[in-house]
Every structure is written in C-alpha cells, then in structure tokens.
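Observations on the three-dimensional arrangement
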There are 2 protein chains.
Amino acid sequence: MEPTWTNLPVAVKIVEVGPRDGLQNEQIQIPTAIKLRFIEQLADAGLSVIEATSFVSPHAIPQLSDASEVMQNIQRKAGVEYSALVPNLKGLERALAAGTRSIAVFTAASESFTRHNINASIAESLANFRPVIERARADGIAVRGYISTAFGCPYEGAIAPQQVLHVAHALIELGVEELSLGDTIGVATPRAVIDLLNLFLDDQSIPLEQIGVHFHDTRGTALANVLTALQMGVSIIDSSAGGLGGCPYAPGAAGNLATEDLIYLLQGLGLAATIDLAKVVAATSIIAPYLTHEPTSKYYRAAKAQP
Amino acid sequence: MEPTWTNLPVAVKIVEVGPRDGLQNEQIQIPTAIKLRFIEQLADAGLSVIEATSFVSPHAIPQLSDASEVMQNIQRKAGVEYSALVPNLKGLERALAAGTRSIAVFTAASESFTRHNINASIAESLANFRPVIERARADGIAVRGYISTAFGCPYEGAIAPQQVLHVAHALIELGVEELSLGDTIGVATPRAVIDLLNLFLDDQSIPLEQIGVHFHDTRGTALANVLTALQMGVSIIDSSAGGLGGCPYAPGAAGNLATEDLIYLLQGLGLAATIDLAKVVAATSIIAPYLTHEPTSKYYRAAKAQP
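Computed from a predicted model, the values in this text were never measured in an experiment.

Examining the overall build of chain A
Check the secondary structure of chain A and you find 12 helices and 8 strands. Taken over the C-alpha trace, chain A has a radius of gyration of 18 Å; the compact-globule value for 307 residues is 19 Å, and the two agree within 12%. A principal-axis box enclosing the C-alpha atoms of chain A has dimensions of 50 × 45 × 35 Å. Looking at chain A as a whole, 63% of its 307 residues are labelled buried. Contacts in chain A between residues at least 24 apart in sequence constitute 74% of all its contacts with a sequence separation of at least 6. Counting every atom, chain A has about 10,700 Å² of accessible surface; 51% of that belongs to carbon and sulfur. Here chain A holds 20 positive side-chain charges and 30 negative ones, and the gap between their average locations is 5 Å.

Here's the deal with the interface of chain B and chain A
Contacts between the two partners involve 38 residues from chain B and, on the opposite side, 38 residues from chain A. For the chain B face of the interface with chain A, the top three residues by lost area are Trp5, Arg219 and Lys298 of chain B, together amounting to 24%. The tally of links between chain B and chain A comes to 2 salt bridges. The closest approach of N and O atoms between lysine 298 of chain A and aspartate 217 of chain B, which form a salt bridge, is 2.8 Å. Joining chain B to chain A, the criterion identifies 5 residue pairs in polar contact (both at pLDDT 80 or more).

Considerations on the relation of the copies chain B and chain A
The two copies are related by a screw operation: chain B maps onto chain A through 180° of rotation and 0.0 Å of translation along the axis, at an RMSD of 0.0 Å. These values place the two chain copies in the arrangement generated by a two-fold rotation axis. Across chain B, the rotation axis passes nearest the C-alpha of alanine 224 of chain B, at a separation of 2.1 Å. Taken as a fraction of all interface residues of chain B, those also at the interface in chain A reach 100%, which identifies the copy contact as same-surface.

Looking at the sheet that holds strand β1 (residues 13–16) of chain B
Residue and element names in this part refer to chain B. Taken together, 8 strands build a closed barrel; the order of strands is β1-β2-β3-β4-β5-β6-β7-β8 and the barrel is parallel. Pairs of neighbouring strands in the sheet enclose a mean axial angle of 25°, with direction left out of account. Against the sheet, helix α8 (residues 190–203) contacts β6 (178–182) and β7 (211–214), and its axis sits at roughly 155° relative to β6.

Observations concerning the pairing of strand β8 (residues 236–239) of chain A
Residue and element names in this part refer to chain A. Side chains of β8 alternate between two faces, with Ile236 and Asp238 and Ile237 and Ser239 buried alike. Two elements, strand β1 (residues 13–16) and β8, share 4 bridges in a ladder whose sense is parallel. Looking at the pairing, lysine 13 lines up with isoleucine 236 of β8. Since strand β7 (residues 211–214) and β8 lie parallel, the crossover through helix α9 (residues 222–231) that links them has a hand, and here it is right-handed.

A short note on the pattern of salt bridges
Residues and elements named next belong to chain A. By the definition in use, this model includes 27 salt bridges over all chains. The salt bridge partner of aspartate 139 is arginine 135, with a shortest N-O separation of 3.7 Å. The closest approach of N and O atoms between arginine 144 and glutamate 178, which form a salt bridge, is 2.8 Å. A residue pair is termed long-range when its members are at least 10 positions apart, and arginine 144 in strand β5 (residues 142–148) and glutamate 178 in strand β6 (residues 178–182) qualify at 34 residues. Residues arginine 144 and glutamate 178 agree in their burial class; the two are buried. One salt-bridge network, in which partners are shared between bridges, spans Lys13, Arg144, Glu178 and Asp238.

Quick notes on the packing of α9 of chain A against helix α10 (residues 259–268) of chain A
Residues and elements named next belong to chain A. Taken N-terminus to C-terminus, the directions of α9 and α10 make an angle of 45°; their axes are 11 Å apart at the nearest point. Put simply, α9 runs oblique to α10. Helix-helix and strand crossings are classified by hand; for α9 and α10 the assignment is right-handed. Touching Leu223, Val226 and Leu230 of α9 are Asp261, Leu262, Leu265 and Leu266, all from α10. In the contact of α9 with α10, the residues fall into 6 nonpolar, no polar and 1 charged.

Considering helix α9 (residues 222–231) of chain B
Burial analysis of α9 of chain B places 10 of its 10 residues in the buried class, which makes it a mostly covered element. Listing the buried residues of α9 of chain B in full gives Ala222, Leu223, Ala224, Asn225, Val226, Leu227, Thr228, Ala229, Leu230 and Gln231 of chain B.

A look at helix α7 (residues 161–174) of chain B
Residue and element names in this part refer to chain B. For α7, spanning 14 residues, the distance from its first C-alpha to its last is 20 Å, which sits close to the expected 20 Å at 1.5 Å a residue. Those residues of α7 that sit buried are Val164, Leu165, Val167, Ala168, Ala170, Leu171 and Leu174. In this fold, the buried residues of α7 make contact with β4 (102–108), α6 (122–138), β5 (142–148), β6 and α8. In the segment just after α7, glycine 175 is the residue with positive phi, at about 110°.

Focus: the packing of aromatic side chains
Residues and elements named next belong to chain A. Taken as a whole, this structure holds 8 aromatic pairs over all chains when the rule is applied. Arranged with centres 5.3 Å apart and planes meeting at 35°, the rings of tyrosine 264 and tyrosine 299 form a pair that is tilted. Within this pair, whereas tyrosine 264 is found in helix α10, its partner tyrosine 299 is found in helix α12 (residues 298–305), the two being separated by 35 residues in sequence. Its relative accessible area of 17% is what places tyrosine 264 among the buried residues.

Regarding the sheet that holds strand β2 (residues 49–54) of chain A
Residues and elements named next belong to chain A. Taking strand neighbours around the barrel as the criterion, the 8 strands line up as β1-β2-β3-β4-β5-β6-β7-β8 in a closed arrangement whose pairing is parallel. For this sheet, the mean angle separating the axes of adjacent strands, direction not counted, is 25°. Pairing of β2 with strand β3 (residues 81–85), which is carried by 5 bridges, proceeds in the parallel orientation. By the bridge assignment for β3, threonine 53 is matched with alanine 84. Contacts from helix α6 (residues 122–138) reach β4 (102–108) and β5, with the element oriented near 170° to β4.

Notes on the environment of alanine 168 of chain B
Residue and element names in this part refer to chain B. Secondary-structure assignment places alanine 168 in helix α7. Separated by 88 residues in the primary sequence, alanine 168 and valine 80 place their C-alpha atoms 26 Å from one another. Excluding residues that lie within four positions of it along the chain, alanine 168 makes contacts with Ile147, Leu179, Phe200 and Ile206.

Some remarks on the side chain of histidine 216 of chain B
Residues and elements named next belong to chain B. Relative to the assigned elements, histidine 216 resides in the loop between β7 and α9. Of note is the side chain of histidine 216, whose polar atom sits 3.0 Å from the backbone oxygen of threonine 184. Engagement of the side chain of histidine 216 in a polar contact is seen with the side chain of histidine 214, the distance being 3.4 Å. The residues touching histidine 216, leaving out its near neighbours within four places in the chain, are Asp21, Asp183, Thr184, Gly186, Ala222, Gly255, Asn256 and Leu257.

What about the pairing of β3 of chain A?
Residues and elements named next belong to chain A. Most of β3 sits out of view: 4 of its 5 residues are buried. The parallel pair β2 and β3 is bridged by helix α3 (residues 67–73), and the resulting crossover is right-handed. Pairing analysis gives 2 bridges linking β3 to β4, with the strands arranged parallel. When the bridges of β4 are listed, leucine 85 appears paired with alanine 104. Assessed by its sense of winding, the connection that carries the chain from β3 through helix α4 (residues 89–97) to β4 is right-handed.

Quick word on the side chain of histidine 214 of chain A
For histidine 214 of chain A, the position within the fold is in strand β7. Ignoring anything within four residues of it in the chain, the contact list for histidine 214 of chain A reads Val17, Asp21, Tyr146, Ser180, Leu181, Gly182, Asp183, Asp238 and Asn256 of chain A.

About the cut-offs
Residues numbered from 1 in each chain as written. Chains lettered and ligands numbered in written order. Predicted model: local features only at pLDDT ≥ 70, side-chain atom pairs only at ≥ 80, totals over all residues. Heavy atoms only, no water. Helix = DSSP H or I, 4+ residues; strand = E, 2+ residues; numbered from the N terminus. Rg over C-alpha atoms; globule rule 2.2 N^0.38 Å. Buried < 20%, exposed > 50% of the residue type's maximum accessible area, 1.4 Å probe, protein only. Contact = heavy atoms within 4.5 Å. Areas by Shrake-Rupley, 256 points an atom, 1.4 Å probe, with all protein chains shown as cover. Lys, Arg positive; Asp, Glu negative; His and termini not counted. Charge placed at Lys NZ, Arg CZ, Asp CG, Glu CD. Buried area = accessible area lost by both parts, 1.4 Å probe. Salt bridge = Lys/Arg side-chain N within 4 Å of Asp/Glu carboxyl O. Polar contact = N/O pair within 3.5 Å; in protein donor to acceptor, adjacent residues only side chain to side chain. Least-squares fit on C-alpha atoms with pLDDT ≥ 70 in both. Pairing = 2+ DSSP bridges. Axes fitted to C-alpha atoms, helices over the stretch in contact; angles between N-to-C directions. Right-handed = clockwise from strand over helix to strand, strands pointing away. Parallel < 35°, antiparallel > 145°, perpendicular 65-115°, else oblique. Left-handed = near helix turned anticlockwise from the far one by under 90°. Nonpolar A, V, L, I, M, F, W, Y, C, P; charged D, E, K, R; others polar. Expected span 1.5 Å × (residues − 1). Phe/Tyr/Trp six-rings, centres within 6.5 Å; stacked < 30°, edge-to-face > 60°.

Written as structure tokens, this is what we have:
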C-alpha cells in the first residue's frame, strides 16, 4: 500500500525511552534522585508509557546500575506504565523483585550487530529470551521486543526487510506482545519505512497494532519517517526526552528521536493532545545540567532560546 | 486534496540559499574568497540554483557588503543559476552592474513583521518592488518573490493562509515568476502545510510549478513539512548548506532547513540523484571554521562524526 493521510491513526501511543535508552548511551552518571525526578516529570507531562531503566549487568552499563532503586522509588502515577529492559532471567528476577510489571527484551535484525553488541547470534539471543518471556507472562507481565538495526547496521550496512520480519516472527512466537522496529544508526528514509511496513502488512501474521517504530534522528529524517509510518497506520512511536542518547556509532551526532520534536509534530496533526509539551521540556531540563552536551531536541533548543 | 505518495514530483528544484540567507543571519564576516569557494563547491556538488548574495545596504547587513565582488568573481559553472536578493532599484542597479541575471525580492505575509523588518507596510514593500521588477523583466532577468512569515510571525503569532494568498497574488501581478513561501520562525507542521497549499490549489490562479517552500527546522519539523509539500505536488524547495542562518528569533535554535538533510531525504525518495551529498558536506566544511557554532545540519554532524 501507499502511505495516505486517511490512514493516520486516531490516537498514538508514545513510548518514552529517555530514562533507559537515553541515559544508557550518555557517558555520565546521573544521581538516582535526579532520575526519579526526571521520570516523575515525564509522567506529569502526560506520557503514559515510560521505559524507566534496564536490569542489565551493572558492570556492562554502570549508568543504570541503580535500576532496582529507581524502579522501587518512582512515585507512580495512576495509569502510567513504567517498564524496564531485561536481558536475561537474572535481570528478570531483579526486575520482579523491584516491582516491575512491564518488560522489554532486545535483539537485532543484524547478525554482526548482535554479535558485537551482546556476543551472541540472533538465534542464541532469542533462545535466551524464551525462559524470560515464559516466566514474565506466567506472572502477567507485558513483554515488548526491540528489533534494532531494522533499517541498517553499523557493521553490515543495509539490512534485508525479510530479516526483520524473520526476527519479528520469532519474537511473537516467544510471546512478545509488542514490537519496536529500531533504526539504530538513523539511516532510514520514508521509502525504506514503506517497504518494511508493507512487508509486515503483506505477511498479515502480525497486526499493525503490535508494531512500533523507533527512529533515530542521526540524519534528520526521523520525523519524516514518523509521518510516513503514521500514514501507513502505525500508532506506536518511541522517543527520548531531549533526544537523550546520542549515537554511539557517530559520536557527536544525534541519536534517538526527541520526544519534544515528536509531540510538536503530533499535536500539529491533532494527536497527543493530552501531553503538556512545556512539561516535557521541563523534564529534559532536569537532566540537561548533567550532560556533556546540549540536548539535541530542536524543539527543546527553541523553547530554551525564547526570550 | 489530501497529500498522497502518488503526487510526489518526478524532479525537484532545490534553491540553495546558504550564501545569502544563511550568511546574512550569521553574526560573522566571512572573507570574500571563502564565500566564492563555498559557492563554487555548492555548484560543483550539483546544486543548480544558488542564491549567492544580497544587494541590500552594506550598512544594514555588513555580512554581505561584498555582494558585487562575490557576484563578479564566481567561477560560473554552465547551467547553474546564481541569483541575488534585491531590495530596491539601487540594489538592482548594483546587481545588474555585477552581472546578476536572476533576482529575488522579499516581503512578508505579516504586517507587523514587514514593519519591524523593513520599516514599511506590505503594500509599501510591494509598491517599492514594482519598478524593480519592471526593470528586471525588461532586461530578461528572472524574478523570485519571498513571502516570509507564511506560517507564523514572531510578533503576531498565527498568520491566516488568506493573507499569504493575498500577497502571492500581488507579487504575481507585479511579474514575479516564482514564489517561496517561508516558515520564518519554524512553526509549521504538516497540517498547516496542507491547509496553505490547498488554498492555493483551490484558488487555481497560481500554478503549483511556481510555488516553492522554504521551511525552517527550528522545531524539527522541516523535513516532515517537505515530505507533505512533495505529497501535495510541490517541486521547489529552499535549503541552506549546513543549516546556515540560525534563527534570529530564537538565538541558539536551528533556522534554515539544511541542504544535506533535505538531499538525504530526497535521495531516499529517488530524487536529487545528480547531487553529490559528500560535496555539499565539503561546502559546509569551508564555512564551518568561521562560524560561532557548529552547523545545525544533522546529516553534516553525522558525516563529520564518522570515524
């Protein structure tokens, strides 16, 4: 199908990944109390799904070594989902002990990327997730599955859409309820978005309602890609307050799509009306003093530049 | 009409405004020889319309006080149009004497903006242009007309699309052959783009082939707006190498849409295939050392960050 304006969804689910994906990729240690203020401000702004932390090994990602403390101490707002990334059973145990009720697992469409990133093949990463997802679902925990490098890989270059669909099938078969297709290095343009989504639509085995998109703004195309995905009927979009996270594969370049920029676009389309954009800027402002660079969100910078 | 993929133009005309609109809004003095290298590198990259300078008063905009020297000394590449902004008859005389064969005039859709910017009403600015455009056309000079604040004004806020159409009619009546609808403060989102273009389409008096769009990326939406305009059938797009120009109304924020980001999007759509993106980055690199800030183009930053 072609993207059309009439396909725009009537409502959008924004998955705020700043506290996890964002802070994981900033080379700084943020005090736990500041993280909690950040998360609580994001919820106060109206964001209803917040990936709060990751229960990875504290040695691997010291930035998130306070995962349990964060998850246990959030002043929870009714109706808000506070999720966490979980790499394995040990991580799941820690997540459950901290009161986590929604988790995400992380793999990739590129063998080389998976090998570099988690020292396993894609098949091995999926096999590792099987008991994690089984245990989570037995406890009534929602499970999201990230497929990174869905549009391109820093080691392999272009990734065949079929490979993304293959990994998607495997994750759904394992019990994942929502997918997030990630443009890890920010190379996607609208044509690639159309081609990948059309493959999923033609395949028909995974409803569009289970498919989210996770764009990086490394080359400035994230919002054009979002608009295209919306015109294809996608209604789940990941973003990171302030654009937190940068791009590990191009230091100094932008990474995650900024939540402020996304919401400004969406509100212009009549979507995301319940979110208070000024309060998202305020959330980013809590973290900004700790960063080694200015937040990459263009809306944030414009808001801060106003007299 | 609704924007659709099938409306995408088969070819796009990019109007490179970095040497004029970009440098005019950077608070620096660039050596003339560097400007010439910049312009020649842009032409070498494949850009075929380059707004090279402005024949405004050197007192008003000292950054472009070398307009005659620039225009006279460009090593011209066959098939490339080197244009200049011209504010009045005196400026036109200087432009003609320097060998300019393509000019642009500049007004706005907002009365307050025109008053602040050129100390005249819109009607007065149009009256001033009448002899300029008559003289230019008598000499066989192509004339472009900028309509700034077409989506919003720093003093008035929202601008009625009818007001933009009104100014457009006046410019066309004066003999302008191409319009550029400018989002001077970068507030536009796709819905506003659709509404404004639909007004022009419904009006039917100005063919779409004469209408260009000039977006600022102040809030990150420029490329989503470009995609929408393309889906409405627009085929003329302004951009500035590196995103040069900033935003005078929000110091520190982004201004002009970056040529690199635009071309990366277009090439993903199968357009602008004759442009060498690496050479555009090289053009921006000529100016970058003179700026007081890093160029705002995300593609440029990603290209520079590559190992």
